[in-house]
Number of protein chains: 2
Amino acid sequence: MRDAYHDELDKLTIKLVEMTRLVRSAMSRATTALLDADLHLSESVISQDEEVNRLYAEVETSIYELMATQQPVAVDLRTVITALRMAADLERMGDLAEHIAKIARMRHPESAIPAELRDTIVEMDQIAERLITKTGTCIATRDVELSKELEADDDAMDLLHRRLFRVLLSPNWNHGIEAAIDITLAGRYYERYADHAVRVARDVVYLVTGSRDEE
Amino acid sequence: MRDAYHDELDKLTIKLVEMTRLVRSAMSRATTALLDADLHLSESVISQDEEVNRLYAEVETSIYELMATQQPVAVDLRTVITALRMAADLERMGDLAEHIAKIARMRHPESAIPAELRDTIVEMDQIAERLITKTGTCIATRDVELSKELEADDDAMDLLHRRLFRVLLSPNWNHGIEAAIDITLAGRYYERYADHAVRVARDVVYLVTGSRDEE
């Protein structure tokens, strides 16, 4: 028989997984908005970040209630505190998707991404999507092996990030400074999104194993 | 008479204030390294970030011990959980100073900052220093009024950040794309450093008042 405490923990897990769904959708739509200069889509990402923030606040409130009423110790304590860290990372991932949507909005009706960089941005988005999908599965299943896969995806993101800079710095670059600034910032946002996904997956490892051997 | 719990909380506060000192020094030295292309100084910032990370780990360990042994409730629980959030923000501020030091190292023996932007970077560093000094005082004294001052300093940082972009986008900019990328990223790091300082100060308000009316 389950007790109330573990029912509450399950609800927390469901909320975290729901946050991964929201920030995955946000990043995917932000990328489309960026590539296609879709103002309507960028506005929807920006306005819907509120929902991610609301879920974060709900997780925080649940955690305070859990701590105050159940006074967890040992592994239960680790679970609850780590959930708060995960929620904070996921909330930040929503902000990063929103930042990309804001670049799209700022450059509308132009696209901020010149033709020769579209493929790289599409690939960065695909890796971001793969990362956050795995992060959601890690949270739901506590799969330590899957957590480790995210490190390789993150390396792939870093390679793409460096490819962006190579294109910006090539002698053929003829889109000027403004586009270079947009792409520098957008690249940074994808890279940070990946970093946060990896942090959440590392937190799953920490939850299960009780040890951190990261960073 | 003080009890063991409050002695532990005081130690936690001392560690957080120590973290503010370390990340203040890191940012100030990183800025000098950036402006003067000082390789030795940039290396010292990069290697000393380890100390900030170590303090973060110590705070995290103390908090788990405190929670497990004292099982705090209500305001004490809020204090402990908020300390963990603050430590995470301060740890991130150390990373941001390190990122600036890495730009300095990458461009050595050149300076990444052209003459016409030196003053702006100096001002951004001064605001960063003012913010983190106030953050340290807020943590130590729980001064809610001082916390509010940080919002104005953060606005000043945002203005300087926009000034950077204006210079990069002016028709007179003749330092090319690479310098524009460096400055875009450095500007972002100063701005994020300020954001984290403000978050910590807001957490002090939350600690004292029990309510958040932020973001």
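For every chain, the first residue of its written sequence is number 1, and the numbers climb from 1 along that sequence. Just so you know, chain letters begin at A and ligand numbers begin at 1, following the order they were written in. It should be noted that, the model being predicted, local features are given only for residues of pLDDT at least 70 and side-chain atom pairs only at 80 or more, the latter also being counted only at that level, while totals for whole chains, interfaces and linings use all residues. Note that the side-chain values use all heavy atoms of the structure and ignore hydrogens as well as water.

- Chain A is annotated in an unreviewed UniProt entry as Phosphate-specific transport system accessory protein PhoU of Herbidospora galbida.
- UniProt positions are given in the numbering used here, feature names are shortened, and annotations may be inferred rather than shown by experiment. Its UniProt record, at the heading Sequence similarities (unreviewed entry), says of chain A: "Belongs to the PhoU family."
- The UniProt entry for chain A carries the following comment under Function (unreviewed entry): "Plays a role in the regulation of phosphate uptake."

### Observations regarding the packing of aromatic side chains
(1) Moving on: We call Phe, Tyr and Trp rings a pair once their centres come within 6.5 Å, taking the six-membered ring for Trp, and we label the pair stacked below 30 degrees between planes, edge-to-face above 60, and tilted otherwise. Across all of its chains, the model carries 2 aromatic pairs over all chains by this definition.
(2) Moving on: Between A:Tyr206 and B:Tyr64, the ring centres sit 6.5 Å apart and the planes meet at 70 degrees, which makes this aromatic pair edge-to-face. Of the two residues, A:Tyr206 is situated in helix H6 (residues 176–209) and B:Tyr64 in helix H2 (residues 39–70); the pairing between them involves two chains.
(3) Moving on: Only protein chains enter the accessibility calculation, which uses a 1.4 Å probe; a residue whose area is less than 20% of its type maximum is buried, one above 50% is exposed, and one in between is partly exposed. B:Tyr64 sits in the buried class, given a relative accessible area of 15%.
(4) Moving on: We note B:Arg212 situated over the ring of B:Tyr206; from NZ or CZ to the ring centre the distance is 3.9 Å. Counting from the N terminus, the helices are the DSSP runs of H or I reaching at least four residues and the strands are the DSSP runs of E reaching at least two. In this scheme, Lys NZ or Arg CZ marks a charge over a ring once it lies within 6 Å of the ring centre and within 35 degrees of the ring normal.

### As for the side chain of A:Glu98
(1) Moving on: Turning to its location among the elements, A:Glu98 is positioned in helix H3 (residues 74–107).
(2) Moving on: Among residues more than four places away in sequence, those in contact with A:Glu98 are A:Val45, A:Ile46 and A:Asp49. In this analysis, two residues are considered to be in contact whenever any of their non-hydrogen atoms come within 4.5 Å of each other.

### Digging into the interface of chain A and chain B
(1) Moving on: With 32 residues of chain A at the interface, the matching set in chain B holds 32 residues.
(2) Moving on: Accessible-area loss on putting two parts together, using a 1.4 Å probe and summing over both, is the definition of buried area adopted here. Between chain A and chain B lies a buried interface of about 2,800 Å² when both sides are counted; carbon and sulfur atoms form 63% of it.
(3) Moving on: Of all residues in chain A, A:Tyr64, A:Ile177 and A:Arg188 give up the largest surface area on contact with chain B, accounting jointly for 21% of the area buried on that side.
(4) Moving on: The salt bridge criterion pairs a side-chain nitrogen of Lys or Arg with a carboxyl oxygen of Asp or Glu, the two atoms within 4 Å. Between the two partners, chain A and chain B, sit 4 salt bridges.
(5) Moving on: Measuring nitrogen to oxygen at the nearest pair gives 3.9 Å for the salt bridge that ties B:Arg85 to A:Glu60.
(6) Moving on: Here a polar contact is taken to be a pair of N or O atoms separated by no more than 3.5 Å, where protein atoms must pair a possible hydrogen donor with a possible acceptor and residues adjacent in sequence count only if both atoms sit in side chains. Counting across the chain A and chain B interface gives 5 residue pairs in polar contact (both at pLDDT 80 or more).
(7) Moving on: Only helix H2 (39–70), H3, helix H5 (144–169) and H6 of chain A provide two or more residues apiece to the side of chain A that touches chain B.

### Remarks on the environment of A:Leu207
All names here are of chain A.
(1) Moving on: Take leucine 207: it is sitting in helix H6.
(2) Moving on: Spatially, the C-alpha atom of leucine 207 lies 11 Å from that of cysteine 138, the residues being 69 residues apart in sequence.
(3) Moving on: With residues near it in sequence (within four places) discarded, leucine 207 still touches Val75, Arg78, Thr79, Thr82, Met86 and Arg142.

### Considerations on helix H1 (residues 4–36) of chain B
(1) Moving on: By this rule the span expected of a helix is its residue count minus one, scaled by 1.5 Å. The first and last C-alpha atoms of H1(B) sit 48 Å apart over 33 residues, in line with the 48 Å expected at 1.5 Å per residue.
(2) Moving on: Just downstream of H1(B) lies B:Ala37, where phi reads positive at about 50 degrees.

### Observations regarding unusual backbone geometry
Residue and element names in this part refer to chain A.
(1) Moving on: Look at the link from histidine 108 to proline 109: it is a cis peptide, with omega at 5 degrees.
(2) Moving on: Checked against the element boundaries, proline 109 lands in the loop between H3 and helix H4 (115–141).
(3) Moving on: Of note in this structure, glutamine 71 is not a glycine but carries a positive phi near 45 degrees.
(4) Moving on: Mapping glutamine 71 onto the fold places it in the loop between H2 and H3.
(5) Moving on: We note that alanine 74 has phi near 50 degrees; this positive angle belongs to a residue other than glycine.

### Side note on H6(A)
All names here are of chain A.
(1) Moving on: If you check H6, its first and last C-alpha atoms are 49 Å apart, about what 34 residues at 1.5 Å a residue would give, namely 50 Å.
(2) Moving on: In terms of burial, H6 is largely enclosed, as 28 of its 34 residues are buried.
(3) Moving on: The first or second residue beyond H6 is glycine 210, which carries a positive phi of 80 degrees.

### Side note on the nonpolar core
(1) Moving on: Here, the term nonpolar core denotes a set of buried Ala, Val, Leu, Ile, Met, Phe, Trp, Tyr and Cys residues that are joined through side-chain atoms within 4.5 Å. Ranked by size, the top nonpolar core spans 155 residues in total, and within it A:Leu34 and B:Leu34 carry the most contacts.
(2) Moving on: Not counting residues up to four positions away in its chain, the partners in contact with A:Leu34 are A:Ile100, A:Ile103, A:Ala104, A:Ser111, A:Ala112, A:Ile113, A:Ile121, A:Ala186 and A:Tyr190.

### Quick notes on the pattern of salt bridges
(1) Moving on: As enumerated under the stated definition, the model contains 46 salt bridges over all chains in all.
(2) Moving on: A salt bridge links A:Arg85 to A:Asp203; the shortest N-O distance between them is 3.0 Å. Residue A:Arg85 is found in helix H3, and its partner A:Asp203 is found in helix H6; the two are separated by 118 residues along the sequence.
(3) Moving on: Note that B:Glu145 and B:Lys148 form a salt bridge whose closest N and O atoms lie 3.5 Å from each other. You can see B:Glu145 and its partner B:Lys148 sitting in helix H5 (residues 144–169), 3 residues apart, about one turn around the helix.
(4) Moving on: By sharing partners, the salt bridges in this structure join A:Glu60, B:Arg85, B:Asp203 and B:Arg212 into a single network.

### Observations regarding the UniProt feature "domain: PhoU" (unreviewed entry) in chain A
Residue and element names in this part refer to chain A.
(1) Moving on: Here the UniProt feature "domain: PhoU" (unreviewed entry) sits at residues 16–103 and 121–204.
(2) Moving on: For residues 16–103, the helix share is 94%, the strand share is 0%, and the end-to-end C-alpha distance is 27 Å.
(3) Moving on: Between the first and last C-alpha atoms of residues 121–204 the distance is 28 Å; the span itself is 90% helix and 0% strand.

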